[in-house]
Every structure is written in structure tokens, then in C-alpha cells.
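Chain by chain, the residues:
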Amino acid sequence: MASSSSSPSDPANYSRSWSYHVFLSFRGEDTRLKFVGHLYEALIGRGIHTYKDDREISYGEFIDTSVTEAIEGSQIAIIVFSENFAESSWCLRELAYIIDCEKRRGLTIVPIFYDVEPTVVRKQKQKYEEVFSQHELKNETDVVASWRKTLRGVSGHSGDEFKSASMDESKFIKKIVKKISKMIRPLTPWKNDKLVGIEDRMHNFISQMQIGSDVVFMIGLWGVGGSGKTTLANSVYNEISWKFDCCCRIENVREKSSKYGLEKLQEQILSSVWKDKKVQIGSVEDGKYMTSEKLRLKKVLILLDDVNEVEQLEALAGSLDWFGKGSRIIITTRDVHLLNVHGVINVHKVSLLNDGEAINLLCKLPGIDKSMGDFEELSQEVVSYASGLPLALTILGSSLVKANIKEQKSILAKMKVIPNDDIQGKLKISYDELKKDVQELFLDIACFLRGEEEARAMEILNACHFEPTAGVKVLKDRALITISNGVIDMHDLVQEMGHHIVKGEGNDGKNPEKQRRVWKEEDVVNICAMDATTNVNMIEAIQFKYIDYTSLPPRGNNPLEHLPPIIANSKNLRWIDWEGDLANPLLTNFPPTTLCCLTLTRSMQDQLWKGYKFLPCLKIMELSDLTNLTRTPDFSGIPNLERFKLYNSPNLEEIDSSFGLLKKLVFVFVVSCPKLKIFPSINRLKNLETLSFYMCKPGLFELPEIQQENMDSVAHPELGNSGETQVQKPGGEDLVDVEECCLEKASSSHNNINRHTRLWVSHSNLTKLDLGWCNLKDEDIGSFDWELPNLLELNLSYNSFSRLDFSLLGLPKLKWLNVRWCQSLVELKDLPSSISVIHADYCKSLKRFGDTSNCKWLWKVSNLRGNKVDPSDGAALLKSMLKGNAIDQDHFISVFLEHQIPVGFEGSFFKGETFMLRSYIKDTFTLPLRDNWDNDFCGLLMRVVSQEETVSMDIKISKHESDKEYDYVFLKDSDEEPEPEYDGRAKYKGRVRKYKGRVRTYVGYVPFSALRQTTSLNSSNNTISFSIHTPCWDSFTAELIPRKNKDDPLQTTKPATNSPQFSDEKDRPSFKIEQDSKSFVNIYWKAFW
């Protein structure tokens, strides 16, 4: 154990970069080829960058300078004392320099005593006494005395003793590596160039945390909204998290506790300890007990961001004795009082930006032009009015970017009349500068759509007569909203500003019935409790989420029963989003002709309304979990309905026949309605693009006629689990009228249809067809005559056929095929040349993919549990992919096959600079790139052989000194073939284990051209490192693919990664590219999800 005074975690070391995690000091002839060699491999295998002199020093280099620089650049020095260590004057000089670094900058020292007693080293007895007598004859007395003193000092450090005659070396090394992995920190400090002033604040805050102390304490980070509390807390968390046994970051405690309950947040904390277990908590009290029991012996780091109630702290970090020694709990809040109430002694107030930092931040905003003649004057005024608040500065600065001089002066004039402490007023300036329609868009998002997926939010806003595309862009440009991972978000302070504007319509919330938007639970309940004659015409949108109705008065006194009369009196409602029980029926007296969007969830009505209702503006109707609903209402008064969703209505028996008259329907989604017996004809739905049926009554759609004259623009019919699918070619003897089939009359003639008649499926505009869960057999597939010239996507998953012969199906443009869980499927034959993606997982009978030599656009194949695919067939499939258009046109490749590619894989396919690694310890390794690599090679091809069902990998291309740690077999001659890898057995961590036929092969290709278009990849990036994330893998092979014509200029146009010839992935992407800084590019590859 290292002394507490010497640690790379000292605040003085936070901002520096390191060359190595560990410096190994040892006597070469004693341990280089044995213990130290094995320790080095284990450290490297855990991703611990380690200096070992015989590996790191090139011939001709002056060794003293190289070693001292390595010691200076290391966080930890492991000194391996062996019997002959003191014989080497070089080892003693090296040791003296290590001790000097310990004193000067806090180098951590970890001694290991290899077959030698610590007392022998400390007191220089036995062999040590003999060699020091010899040193005294050869060296000056003062020098030898200093060596003796150094040995006495360093051997006094708490260390680990190893005796080779009686101890298991592998276990000992594993213990050392585990200990070192907890001590190291990142080689380069966490840094975000977009943040201003964060580094000094971060180091100041960390110094107050006393990281080296075993004392447990909570530290509060307090400040006004928009001051950067969350940013600072996250920066600190990223910087120090490696120092703890387990870490947990809970963002937006205020919002998440209200939305999901404190139990979910408690589960998140416990999951950070039980990483492989699903934690479920029944009550907050249970969560408190479990947290205190499971974390009391763990050194943990927990970040609780945006806490606003003491109850949250009591549930998530109730007491210091819940946590193990050295634990730290960071709490951010706007309310210092709750920190005091909870007994948080260490409270740190966030310092706002000074003028210099504020101007620097302003200059970093997108679109800011510092060359403007009046920039200096303008920036000074903005900085003055922002009062050091980063959020206010960002929003105000963004408002000025695209404004002309007149508009800028108007904005600045408004700033001058707002008090310095009025944050909301300053933020509202950006709102005031928006056009009216964009203001309305912003208020809808602030009140209802924060946290919503962008696609659904845009559908709703479109339905409400907004034109959101341009407006959302304006809000993003003004920094009022963000869109990350497809989800709309905004800062808490910005949302509160929007809420404040809306509440201002109702006397600061005292009269919610006068607000145009109502979303708070208590406001809805209060409105429902008002007299039915109350004027509620101001309300345009109302949202209510499910509450515990056991807490409300019994029926008859329940204020929510008065919602229908309230709605009956509201003439301007455009949006209802209601989750929870309502009176029955809901909308009997519903008059508003302005309603655009109706969403009902978990309601108990058996009908929505009676008779005819004229709702000319209604475009979206979403009904979910209406367990008592037996039939839908009359749709004839909703001529403009575009999107209809019906989910989980187990008692629904009938969809009204008027539904078939909705000519503007684009999207129909019917799921989990097992009692549904009657569905109207769809032959008049001319604009229908998506038609989905899952888990509905078998036989409901025995004859849905998909013909050009009936559905001119159906783009996405999905008929899942709805029984047999048969479509008769017009003119055939057994043709059944669609009207008769879909209405399912009591004596419908389709019950007598011959299953083996030829069936004609034709539609010139059809692009997506989903026939999953339809129990299709060979006779069904064989009876289809397909005429779908533009079909791109075909889902036939969970069916029972044994063969698919695409020469009989006529799908010339098919790109995406899903046959997952077709467990009887044996063969895919004559795949169309256009095919791009094949999902054939869990097809346990599949033996052949057929001839794929003509499938030039194929780039992704997955075949999990495809145990019967012949390895030669898999090899042929991969060969055709590597010779296809993916590599030529700079597209990614991802292949997952159940069997390992046979002998000759490298020699047959790899033609560039190829290397292969087999390792039973390490999972991280590095490949130096030679000069001019970016001109010589077009991409990186990789293969992992593993027994695991999921293998993922991080590939980092970075700027780094050449490591020269070649742990690979290089296949320099492309005709060379490695020894056979698959013989049914393989070594794993020193043991021999049978594969039992479960060998899996993962192949991936990353085109450099695609990286150049999205990142700063260039020739200065000279290292590729690989980190394989799986507990068991046998071999890794990689190749730099040479460019076909090196004289051609590097591609500067957009690569074919997004070419329409390559089908996009329908689910999670195989590759994710991240540019964390200009110094490196990270690619995350996961072949199977």
C-alpha cells in the first residue's frame, strides 16, 4: 500500500498529462523473463499503460534521460525488490530518482518483495549486506550512504511480499493489478474546450473534497439557476470518479423524483453496486435500508443534481454512515437551506463568471463574429447585463447573433430596464424577440413536450397548426431548447420562465382556468372542482397524468367527474392529453371544433362519445390502455384525421365502419386488441402509408386486399399476428370482395377459401411490408405472387416457413430483410442483388444463405444462434461482402456469424497490413500507424472470435507517441495462412476449454473516409487502440485495407455511408462515432444488440 502522502490524486496533479500510469523498476536478470514479464502483460491487459525499460528504449538512446523522463511522466512506481536488486548500481540510481520524485511531486510508490524479506532490504542483511560492501569499494562513500538511506526509506512503505515456492503467481499478480487499477487516473485530464473558467473552479472544489481522507462527508454545490452548478458538478465527477469503488450520477433529481418516484432513483444508486443485477425496490423505506446495508463498506461517489426537497436527500443519502470510508456525496441545489437542514456542513457556492471569462464564453458561441466593428462595445453590454450567469449569457448572446443593428439596440435597451437580480426577466428578453408563432411553439414545449421524442413532438405541433420545423430551429439557435439523442430538452430555468409566462395569464397561477395551458395536477383538480358554469374558454391545451385515485373522494364527490362539463364549456381546446380515470362517457357533450390532438391513457370508459361529433380539426387520436372500451365512436365527423393509434384495449370488439371513410389517414397502428372482430374496409384510404396490426384476433385479416386500385399509396402495411394472410389476384375464381372480408359479416364467404390458391400481392408504391407473427408456412409463401417493384423492407419474423426463394417473389429493390425467430427456416435462396441488411438471428435450422456473390450492396448480416450454417457458406457470404460495394464506396460493414470462419480466412481476404492477436489476459492493445497511412489505406477491417453472444469494441484513433509494443502475429505476406484456430478446443485464461460448437465470429469494417466527413481525423493521428468488451474471446485479427488507387486524391465529398443503395439500420446502430477532442476519434462497434 502506498503512503497517503504520495498520490497522483493530489490537486496539484489534476491538470497535468501523464506519459504512463506505471513505471516498473526491477533487476532484469532476476525477474524480467518471469515475474515482471507476467506482471507487465497483466497491467497492459487491463489498459494500464506501463513503462518497462527493455520494451520502451530504442537502441542508441541515452538510457538515463529516457528513464528519468519516464519516471517523471508516471503516476505510480512499482519497485520489485529481488535477491540481487542491490547488485545493480543502475537500479539504485533509478531508485534514488524515484524517491526524489516522491518528495517533489507526490509520485506513488508500491514496493513488491520478490523472494526477499522486507527486513533484509530495510536493514541490508544477507545478500544486500554483501553487495553494499562491494559498492563501498567502487563508489564514493556519500553515494553509497545515500543508497542505504534510500533503501531503508522505501522498504518502509507498506508493500506486498511474494514467495515463489509457496504462492500462486497468477493470483498474486491479479491482486496487484486490481490494486493498481484503483489508484491510477486518466493519462490526460478531462477537458471540454467549450467550457470557460471551469478548470480553476473544478480544482478549487476538488481541493475542498479532501479526496485522500477516509472521512465520509457530503458537499453541497449551491447557486442560482443558470450559474453552472450542474456543469461544474459533472466536470468534478468526471475528473475524480476513477478514485472510487463505484459511482452513480443522478441528474435532474427534482424532475425525476416527481415523474418516476424516489424508489426509481434508489434503484439507480443500488444498480451502480450490483452492476449485473436488476434492483427492484418496493418502497422508499425499503430503499433506505438496502442502500445503507449495501453501501456501508463501499467507497462510493454519488452526484445528486438539482435537489429541491429534503425528502429527496433523506431517501437517497440519508446519513453519512450509509457509506464506506472515503465516500463523497455531491449535492447541487438552488436552496442552501435544505443543505443546512440535512446537516451538510461543506457548502460551496458557485462563483459566477468574471467579465473576462464572460467575454471568452461569448466568443465561443456559434455564429459570433468578433470582426464586427461594434463587437467590443456590444459584448461589454451583454456581459454587463448577464451578470456572470453562463445560461443568461448564452441565451442573450445567441439572440444577438442573427439580429441586425436595429434589433440588437432594441434588445440591449430592454436589458437596461431589468434589475440585475431578475434572472427570469433577462431570459425573457430572448422570448420577447421571438415571433408570435415561435413563442406559442416554445410555450407548448415548455409546458408539455420537454423530454418528448422529437419525432412525436413534431407530429403533435404539426397537428396543432404550427409549422414547427423552422420554429424549432430558431429555438435551438437561440439556445432555448436542445435536442440530444432525438429528445427535446431545455434548461430548468428556461422551462420555469415559460411556466411563469403562462401562469401570468391566470394571475400568477391563482386562476388556472384563465390560463391557455394547464398541466399541473393541482390546477387540473382545482378546475374540475369549480362550478360547471365557470368560464374556461381560455384553456387551449390540458394535460393530466395518472394519480392515485384512492386519495380522492368517492364517486359523487370526486372533482374529476366534472371534467366533461368543463370541456363542454370550453370552446377553444386544441389538445387533450389525459392519463387516468374519467367519468363515462367522456365527451358526450363535447363541442369544440378546434380540437387537434386527443390522447387518452388508462381510462375506464366503455365509449368515448355517443353519436355523431363534428371535429374538423382533429388530426391525431391516440388511445392506450382503455381496458373497458368495447367499440370506437363514429368517425364520420373527423374527416381530417391523419394518425390513429389504438393500443391494448382487451375488450374492444369493433372499430366503427366510418373509419374506412377517412381519406386523409396516413398512419394506423392497432396493437393488442384480442377481441377485435370487426374492422372496416380500407380500400378508400388513399393516403395510408403505415398500417400495423399486432396481437389482434386471428383471422381478422384473412384477405386484406393489397392492390393498386384499392390502396394507391400504402407504404407501410404491417399485418402482424392477425391470422393467415391471403390476397387473391383480380379475376381469379376465388376472389373475395375486400368490403366483405374486412367487415367480417356473420356469413362471410371467405371461410371457404382454398388455402392453396395462388395469391397476388401487388402495389407499385409499397415500400415496407410487415408480415411478422402471421404463422406463414411454406404453402402460404409458395402461394404468393408478389408484384412489389418498390418494396424496400420486408419483415417475415416469427413465421413457420422453411425456405424463401426470392427468384419467385419479385422484389427487385429489397434492401432490408428480417427473418428473426423463423426457427423452421433452412435456406435463403437467390437473394436480390439490392439486399443490404439481413437479420437472421435465432433461425436455428438455417443452413444456407445461398449464392450472395451478386449481392454487392450487402453490408450487415447477423445470425445469432444460427448453429447449422456451414462455415464455408459463412466464408462465402463474407467474401462476397468484402468484394462488394461497401468497401469501394466507403460504407461500414458489420457481420455476425455463429460459426468461426475456417482456416484461410486471413490469407483469402486480408490483403493489406494484417496482424493477429491471441491473448488470454489483456483486452486492450495498441497499433502504431506508419507514415502516410491515411493516403495508403481506405479503412480498417477487424475480426473477433468469441463464445459470447454480444461483443463490443472501442476503437480509438489518436495522436500518441509510438508505443512499439507489438504483441501481435504480423501476416506480412498476404498468401500466408495462420495455423488452424478452430479445433473444438481453445485455451482460456490458462485453461483448455471445449467450445461445444458455440464459436462466434464478428467482422467489422470502418471506412476512414466516413470518419473524415464527421470528425477531424487526419494524418497526425498515428495510433489505433482497441478495447474489446467481453469476458471471453479467443483471437483478434485486424487489417489496414489498401486504397485501390493511391494516386487519387483523398475523398472530400460526402461518402456513400448514407447512400440510398445502403439500407439504414432500423434499430440500434452497429457503429457509433464520437469526437471527444481534436486529438482523437472514438468508434464504438457492437455487432449484435
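Residues numbered from 1 in each chain as written. Predicted model: local features only at pLDDT ≥ 70, side-chain atom pairs only at ≥ 80, totals over all residues. Heavy atoms only, no water.

S.K.: When you look at the sheet that holds strand S8 (residues 300–304) in this model, what are you seeing that I'm missing?
M.R.: Strand pairing in a sheet relies on backbone hydrogen bonds. The paired strands run either parallel or antiparallel. In space, the five strands of this open sheet follow the order S7-S8-S9-S6-S10, with parallel pairing throughout. Every other strand in the sheet has two partners, leaving strand S7 (246–250) and strand S10 (346–349) as the edge strands with one partner each. Averaged over all adjacent pairs, the angle separating strand axes in this sheet is 15°, with direction ignored. Pairing of S8 with strand S9 (residues 328–333), which is carried by four bridges, proceeds in the parallel orientation. Across the sheet, Leu301 pairs through a bridge with Arg328, a residue of S9. (Pairing = 2+ DSSP bridges. Helix = DSSP H or I, 4+ residues; strand = E, 2+ residues; numbered from the N terminus. Axes fitted to C-alpha atoms, helices over the stretch in contact; angles between N-to-C directions.)

S.K.: Explanation requested: the packing of aromatic side chains in the structure shown.
M.R.: Aromatic rings in a pair are described by how distant their centres are and how their planes are angled relative to each other. By the definition in use, this model includes 21 aromatic pairs. Each ring, one from Trp933 and one from Phe1008, has its centre 5.1 Å from the other, and the planes form 80°; the classification is edge-to-face. Of this pair, Trp933 sits in helix H33 (residues 933–936) while Phe1008 sits in helix H34 (residues 1008–1014); the two residues are 75 residues apart in sequence, bridging distant segments of the chain. Residue Trp933 shares its accessibility class with Phe1008, and that shared class is buried. Each member of the aromatic cluster is reached from another via a ring pair, and the members are Phe35, Tyr114, Phe162 and Phe172. The cationic tip of Lys299 hangs over the ring face of Phe244; the distance from NZ or CZ to the ring centre is 5.3 Å. The ring of Phe667 has Arg643 sitting right over it, with the charged end atom 4.2 Å from the ring centre. (Phe/Tyr/Trp six-rings, centres within 6.5 Å; stacked < 30°, edge-to-face > 60°. Buried < 20%, exposed > 50% of the residue type's maximum accessible area, 1.4 Å probe, protein only. Lys NZ or Arg CZ within 6 Å of the ring centre and 35° of its normal.)

S.K.: Can you help me understand the confidence of the model for the chain in this one?
M.R.: Keep in mind that low pLDDT regions are not for reading the predicted coordinates in detail. In the predicted model, the chain carries a mean pLDDT of 76, and 74% of its residues have values of at least 70. The weakest mean pLDDT in the chain belongs to helix H28 (residues 738–743) at 28; the strongest belongs to S8 at 95. Note that residues 1–9 has pLDDT below 50 and, in this model, 33 contacts with residues that lie over four places away or in other chains. Scored below 50 in pLDDT, residues 962–997 shows 85 contacts in the model against residues more than four places distant or in partner chains. (pLDDT = per-residue confidence, 0-100. Contact = heavy atoms within 4.5 Å.)

S.K.: So what exactly am I meant to see when it comes to the pattern of salt bridges here?
M.R.: Two side chains with opposite charge may pair up if their charged atoms get near one another. Taken as a whole and judged by the stated rule, the model has 36 salt bridges. For Glu285, the salt bridge is made with Lys288, and the minimal N-O distance between the two is 3.2 Å. In this pair, Glu285 and Lys288 both sit in helix H14 (residues 284–295), three residues apart, roughly one turn of the helix. Notably, a salt bridge pairs Arg848 with Glu827, separated by 3.8 Å at the nearest N-O pair. (Salt bridge = Lys/Arg side-chain N within 4 Å of Asp/Glu carboxyl O.)

S.K.: What am I meant to see in the nonpolar core here?
M.R.: Most often, soluble globular proteins have nonpolar side chains that are buried together. Judged by nonpolar contacts, the single largest core of 58 residues is most densely connected at Leu393, Phe442, Ile445 and Leu475. No other element matches helix H22 (residues 436–449), which puts nine residues into this core. Not counting residues within four places of it along the chain, the set of residues in contact with Ile445 comprises Arg450, Leu461, Leu475, Ile481, Ile488 and Met490. (Core = buried A, V, L, I, M, F, W, Y, C linked by side-chain atoms within 4.5 Å.)

S.K.: Would you mind going over helix H30 (residues 871–882) with me for this structure?
M.R.: Count 3.6 residues to each turn of an α-helix, and residues three or four apart come out pointing the same way. Taking 1.5 Å as the rise per residue, H30 with 12 residues should run 16 Å; its terminal C-alpha atoms sit 16 Å apart, in good agreement. Residues of H30 that are buried: Asp873, Gly874, Ala875, Leu877, Leu878, Ser880, Met881 and Leu882. (Expected span 1.5 Å × (residues − 1).)

S.K.: Would you take a moment to explain helix H21 (residues 423–432) for this structure?
M.R.: With respect to burial, H21 is a largely interior element, seven of its 10 residues being buried. Those residues of H21 not exposed but buried are Ile423, Gly425, Lys426, Leu427, Ile429, Ser430 and Tyr431.

S.K.: Looking at this structure, I do not really get the sheet that holds strand S5 (residues 160–162). What am I missing?
M.R.: Spatially, five strands are ordered S2-S1-S3-S4-S5 in an open sheet, and the strand pairing comes out parallel. In this open sheet, the two edge strands, each paired with only one partner strand, are strand S2 (50–51) and S5. Pairing analysis gives three bridges linking strand S4 (residues 108–114) to S5, with the strands arranged parallel. Within the sheet, the bridge partner assigned to Phe113 lies in S5 and is Glu161. Strands strand S1 (20–26), S2, strand S3 (74–81) and S4 of the sheet are contacted by helix H2 (residues 35–45), whose axis makes an angle of about 175° with S1. Seen against the sheet, helix H5 (residues 89–105) touches S1, S3 and S4 and runs at an angle of roughly 145° to S1.

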